[in-house]
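Listed here are the chains, written in short residue letters.
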Amino acid sequence: MIMDKDTVGRMADIAHMHISEEEKNRISTELSFLLECFDKLNQVDTEGVMPTIHPITDRNILREDVVWESLPIEEVLKNSPDKDNRFFRVPRIIEE
């Protein structure tokens with residue numbers, strides 16, 4: 001199938017886009033190439049081929065969540081240069 005520059009111009013009008021004649025020529029060439037590729041795909045015999053729902057067949061390889069005791073707050077904050085009660089104090093980076 002060939003996409004001519006008049007069709008590209010009508011599509012641009014529908015989309016309220018202004019494109020130059022040079023762009024119409026380039027876009028019509030690129031769209032024609034894409035349509036030819038889709039035409040080739042349509043010619044492939046897919047009889048008996050199961051459609052894929054998701055192309056990636058990997059399974060989840062993450063580890064299982066394991067709950068354990070966390071460190072005591074005093075231990076976590078002991079090397080902090082500046083703290084406020086149970087929190088780290090950091091310099092302000094966003095002005096009010």
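Residues numbered from 1 in each chain as written. Predicted model: local features only at pLDDT ≥ 70, side-chain atom pairs only at ≥ 80, totals over all residues. Heavy atoms only, no water.

Draft legend 1. A look at the pattern of salt bridges. Tallied over the entire structure, the rule returns six salt bridges. When the shortest N-O distance is used, the salt bridge between Lys-24 and Glu-21 registers 3.3 Å. Separated by three residues within a single helix, Lys-24 and Glu-21 lie in helix α2 (residues 21-42), roughly one turn from each other. Looking at Lys-24, the relative accessible area reads 18%, which means it is buried. (Salt bridge = Lys/Arg side-chain N within 4 Å of Asp/Glu carboxyl O. Helix = DSSP H or I, 4+ residues; strand = E, 2+ residues; numbered from the N terminus. Buried < 20%, exposed > 50% of the residue type's maximum accessible area, 1.4 Å probe, protein only.)

Draft legend 2. Structural view of the side chain of Ser-80. Structurally, Ser-80 can be placed in the loop between α3 (73-77) and β1 (83-84). Residue classification places Ser-80 among the buried residues on the basis of a relative accessible area of 13%.

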